[in-house]
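# Architecture and fold: a report
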Amino acid sequence: MAAQSELSRTYRKFWLAFEVSDAKLALFRVIFFAVFAIDAWSQIAHAPRYGFRDFNVGHFPFLDGLLPMPTRSTMVLIYGAQTYLALRILLGGVGRTLYVALALLFAYGYFISQLNSYQHHYLLAIALALVAAFPLGSAPAGQSKPQARARNWPVRMLLVAISVMYLFAALSKADPEWLNGSALQAQLPDGRLREIAKSMGWGFTAKLTLFTELVLVFAIQWRRAWPFALVTGIGMHMMFHWAGLKIGLFSYFMVSLYVLLLPEPWVERGRALSMKAGTRMRPVRDWLDKPGVLAWLLCAVGLAAGLVLVQMLPIDGFNALTICIALLAGAELATRWRRAGAAGLQHLLACALLVLLAGHTDALRDYYRFWGGQERRAGNHFESMLAYEKVVKVAPDYLPGRRSLAAQYRRLGHEDDALSQCEAGLAIDATDLVLNRTAAEIYSAQGEGNEALAAAERGLQTSPNDPKLRAIRKRWQRELNSHAPQ
Amino acid sequence: MPRRVSIAIHLILLGLLLPPLHYYLFNSDKRDERFAWRMFSPVRVENCGTQFFVGENGAPIKVANYFHNAWLDFTKRGRKQAIAAMAQRLCDDNPGQSVRVRILCEERPRASAGKPRLLYDNQRSTSDEDIEVVAHGAFDFCKIGAL
């Protein structure tokens, strides 16, 4: 009886006595949602695969009739809005509205189609649902210093979810094919890590992976083992990343979740360092938090300027995205109207970061590239041309975009436009085989012998045995020589 | 433990454990590893090929003409739920014609030297003698609604 009572007490303590400092939660929020924002934005590249010929298979059959069918445009909207919300949260927008909206948008984007079957997106759906349903608690009023610790069972639950993931990941490897190393050997891409695994022995490396996952199941739940879990877990996930496995940002997400395992003294040291900057910012924060005409003016200017920035994004359906972001910002403001100035400023910063993300990643370029490729395969050459024109617009130095656009122009009989693309591409790389071949063919067909010969010569420097280029060179060498003055 | 918190904790725990347990206990399609946390599992070593035959013509259709490339990955992994949905779409688009599906999964050659080992063939997965067998030995999906 006493033992049972002790077990029950330990179980209750496991959940309810779990403490985490506000400073650690703040650090987790920043790192986790930064990775989230990058991941959500990068998903835009995959939007064109949705809704093709109105075909879709949801994760659950009942969703197919219940929720709207995903399309290229709606998925751009979903991922764009997710990015905005993640940026708002990492910038300090801790209102429940933001978390709930993000969790719902993410759940729709994930569960509506099996096209997104990433396991880590399932983990994210769980994490976001937890955070939205049970806001990460902060220390009770009166102890609201960042080092104050709140009892926080939802954070414990998040750690339990990670343990469940490791447990089943280890179980799936309790299979002869994995244990003898052949499954690992078949999946690990060529590279340094493959060489290391090979030298250690495939079977040994496979068993070591399984053992590590099993150890992490328990180490994550035991505070004293956290330094060990941090080193082992982060090391394992970064090795997965460096191995070149096609797992998106999974490793970075896991690293961001491991922030929850940072020992409190380490977090406290970091907090003390950041306090100096925080103290200097205090008057600004106090001013922003003061309700009044100035705060509302700042809010209005911030909202408008942010939306103008989003409107400038060179993305298909940006009007819809701007309206969606305006609605989300409005909904959040309605629940935090007392801090209107801060909300307006955070909104402006989030929109600016969104534009920065768009300019410094390949997501938009790939979005138009994949869209163009899909239309080309479907035989819709005009739509494909329009998409490739956007590729060239957002990434003028991207040679494959110029090549594809030139090819589409030729299919549609726009030879001069194709030639312009070739020339623009060859100004970036004069030895490009495809562009030189295309240019040579067009010049040759137009009877421009000297230009055709020059393009063929350039292409043959890259590929001396190219039969088309050799034929063009032969023809124009002969014809130009026969017309040369004796 | 407060009652409401206790209920919430145990419901969430169930929600975390049931999906992966469903895979091991009830899921007949072991290639469908969603929600089971089977990262880098041996199933990924398999290489499946799926062919769709529409009508009585001998040759399989070119799947890329009907579905986005991304769905072709599902046919290569032998994911039955997606393959069945694709077959159903072909039935809807071709009324009155038969749609037959052939799924063959082999062990990838990289895992072992020599000829790949056949791991799965959907035509050998049923013992129901009443099912009408048409050309190529596969079943008309439009009539039986199963692979």
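Residues numbered from 1 in each chain as written. Chains lettered and ligands numbered in written order. Predicted model: local features only at pLDDT ≥ 70, side-chain atom pairs only at ≥ 80, totals over all residues. Heavy atoms only, no water.

What follows concerns the overall build of chain B. Of the regular secondary structure elements, chain B holds 4 helices and 3 strands. For chain B, the N- to C-terminal ordering of α and β elements is α-β-α-α-β-β-α. By the burial criterion, 48% of the 147 residues in chain B qualify as buried. Within chain B, contacts between residues at least 6 apart in sequence are counted, and of these 55% link residues at least 24 apart. When the accessible surface of chain B is split by element, carbon and sulfur atoms take 52% of a total near 7700 Å². (Helix = DSSP H or I, 4+ residues; strand = E, 2+ residues; numbered from the N terminus. Buried < 20%, exposed > 50% of the residue type's maximum accessible area, 1.4 Å probe, protein only. Contact = heavy atoms within 4.5 Å. Areas by Shrake-Rupley, 256 points an atom, 1.4 Å probe, with all protein chains shown as cover.)

This part takes up the overall build of chain A. Scanning chain A from N- to C-terminus turns up 24 helices and 2 strands. Along the first, second and third principal axes, the C-alpha atoms of chain A reach 110 × 70 × 50 Å. For chain A, buried positions account for 49% of its 486 residues. In chain A, of all internal contacts separated by at least 6 residues, the share reaching a separation of at least 24 is 71%. Side chains of chain A give 50 positive and 35 negative charges; the mean places of these two sets differ by 11 Å. (Lys, Arg positive; Asp, Glu negative; His and termini not counted. Charge placed at Lys NZ, Arg CZ, Asp CG, Glu CD.)

Now for helix α3 (residues 80-93) of chain B. Side chains that are three or four residues apart share a direction in an α-helix, a result of its 3.6 residues per turn. Residues and elements named next belong to chain B. Across its 14 residues, α3 extends 20 Å between first and last C-alpha, which sits within 8% of the 20 Å expected from 1.5 Å per residue. Among the residues making up α3, those that are buried are A82, I83, M86, A87, R89, L90 and C91. Elements that come into contact with the buried residues of α3 comprise β1 (46-54), α2 (69-76), β2 (99-107) and α4 (141-144). (Expected span 1.5 Å × (residues − 1).)

Residues L167, L171 and L214 of chain A together with I7, L11, L14, L17, L18, L21, Y24, L25 and F26 of chain B make up a contiguous nonpolar surface patch of about 1100 Å² in total accessible area. Where the nonpolar patch is concerned, the elements lending two or more residues are α7 (153-172) of chain A together with α1 (3-25) of chain B. Sorting elements by how many residues they give to the nonpolar patch places α1 of chain B first, with 8 residues. Looking at where L21 of chain B falls in the secondary structure, it is placed in helix α1. (Patch = residues over 30% accessible without salt bridge, like charges linked within 9 Å, V, L, I, M, F, W, Y side chains within 5 Å. Salt bridge = Lys/Arg side-chain N within 4 Å of Asp/Glu carboxyl O.)

Residue and element names in this part refer to chain A. Closest axis-to-axis distance for the helix α4 (residues 72-90)/helix α5 (residues 96-111) pair is 9 Å, and the angle between their directions is 150°. Regarding the angle of α4 to α5, the classification is roughly antiparallel. You can see that α4 and α5 cross each other, and the crossing is left-handed. On α5, the residues touching M75, I78, Y79, A81, Q82, L85, A86, R88 and I89 of α4 are L98, Y99, A101, L102, L105, F106, Y108 and G109. (Axes fitted to C-alpha atoms, helices over the stretch in contact; angles between N-to-C directions. Parallel < 35°, antiparallel > 145°, perpendicular 65-115°, else oblique. Left-handed = near helix turned anticlockwise from the far one by under 90°.)

The subject of this paragraph is the domain arrangement of chain A. Looking at chain A, the domain boundaries give domain 1 (153-250) and domain 2 (363-483). Centre-to-centre separation of domain 1 of chain A and domain 2 of chain A, based on C-alpha positions: 46 Å. (Domains from an automatic or database assignment.)

So, about the packing of aromatic side chains. Tallying each qualifying case throughout the model produces 29 aromatic pairs over all chains. Where F33 of chain A meets F36 of chain A, the ring centres are 6.1 Å apart and the plane angle is 45°; that geometry is what we call tilted. Remark: F36 of chain A and F33 of chain A occur in helix α2 (residues 22-42); sequence separation between them is 3 residues, near one turn of the helix. No difference in accessibility class separates F33 of chain A from F36 of chain A, as the two residues are buried. An aromatic cluster is built from F28, F32, F33, F36, Y99, F106 and F253 of chain A, whose rings are joined through pairwise contacts. Taking the ring centre of F14 of chain A as reference, the NZ or CZ of R156 of chain A above it sits at 3.9 Å. Above the ring of Y23 of chain B, the side-chain terminus of K30 of chain B is found at 4.8 Å from the ring centroid. (Phe/Tyr/Trp six-rings, centres within 6.5 Å; stacked < 30°, edge-to-face > 60°. Lys NZ or Arg CZ within 6 Å of the ring centre and 35° of its normal.)

Our next topic: the domain arrangement of chain B. Residues and elements named next belong to chain B. What the domain assignment lists for chain B is domain 1 (1-39) and domain 2 (42-144). With 8 residues of domain 1 at the contact, the number on the domain 2 side is 13 residues. Between domain 1 and domain 2, a total of about 780 Å² is buried, with carbon and sulfur atoms accounting for 42% of that surface. The partner of R31 in a salt bridge is E46, with the nearest N and O atoms 2.6 Å apart. At the boundary of domain 1 with domain 2, the tally comes to 3 residue pairs in polar contact (both at pLDDT 80 or more). When its residues are assigned to classes, the side of domain 1 that touches domain 2 shows 1 nonpolar, no polar and 7 charged. (Buried area = accessible area lost by both parts, 1.4 Å probe. Polar contact = N/O pair within 3.5 Å; in protein donor to acceptor, adjacent residues only side chain to side chain. Nonpolar A, V, L, I, M, F, W, Y, C, P; charged D, E, K, R; others polar.)

All right, on to the pattern of salt bridges then. Considering all chains together, one arrives at 21 salt bridges over all chains under this definition. For the salt bridge of K24 of chain A with E264 of chain A, the shortest nitrogen-to-oxygen distance reads 3.7 Å. Of the two residues, K24 of chain A sits in helix α2 while E264 of chain A sits in helix α14 (residues 264-289), which places them 240 residues apart along the sequence. Of the two residues examined, K24 of chain A and E264 of chain A, each falls in the buried class. A salt bridge links D32 of chain B to R34 of chain B, with the shortest nitrogen-to-oxygen separation between them at 2.8 Å. For the pair D32 of chain B and R34 of chain B, a shared accessibility class is recorded, and that class is buried. Residues joined by salt bridges that share partners form a network here, namely D362, R365, D366 and R369 of chain A.

Structurally, A34 of chain A can be placed in helix α2. Placed 52 residues apart in sequence, A34 of chain A and A86 of chain A show a C-alpha to C-alpha distance of 7.1 Å.

We now examine the state of the cysteines. Residue and element names in this part refer to chain B. According to the stated counting rule, one finds 2 disulfides over all chains in the structure shown. With a sulfur-sulfur separation of 2.0 Å, C48 is cross-linked through a disulfide to C105. Negative torsions about the S-S bond denote left-handed disulfides, and the value of about 105° found for C48 with C105 makes this one right-handed. Here C105 lies in strand β2 and C48 lies in strand β1, a separation of 57 residues in the sequence. Comparing C48 with C105, the two get one shared label, buried. Bridging C91 to C142, the disulfide has an S-S length of 2.0 Å. (Disulfide = S-S within 2.5 Å.)

With that settled, the discussion passes to the confidence of the model for chain B. For any part of a model where pLDDT is low, the fine detail of the predicted coordinates should not be relied upon. Looking at chain B as a whole, the pLDDT averages 81, with 78% of positions reaching at least 70. Overall, residues 126-136 of chain B carries pLDDT values under 50, and its contacts beyond four positions in sequence, including any with other chains, amount to 19 contacts. (pLDDT = per-residue confidence, 0-100.)

With that settled, the discussion passes to the interface of chain B and chain A. In this complex, chain B contributes 46 residues to the contact, which on the side of chain A involves 56 residues. Buried area between chain B and chain A, summed over both chains or domains, comes out near 4600 Å², and the portion from carbon and sulfur atoms is 68%. Within the residue set of the side of chain B that touches chain A, elements represented by two or more residues are α1, α2 and α3 of chain B. Among the elements that take part in the side of chain B that touches chain A, α1 of chain B stands out by supplying 13 residues, more than any other.

Moving on, we get to unusual backbone geometry. With a phi angle near 55°, D54 of chain A is a residue other than glycine that sits in the positive phi range. Its place among the elements puts D54 of chain A in the loop between α2 and α3 (61-66). The exposure class assigned to D54 of chain A is exposed, which follows from its relative accessible area of 53%. Unusually for a residue other than glycine, F35 of chain B sits at a positive phi of about 65°. By the secondary structure assignment, F35 of chain B is in the loop between α1 and β1.

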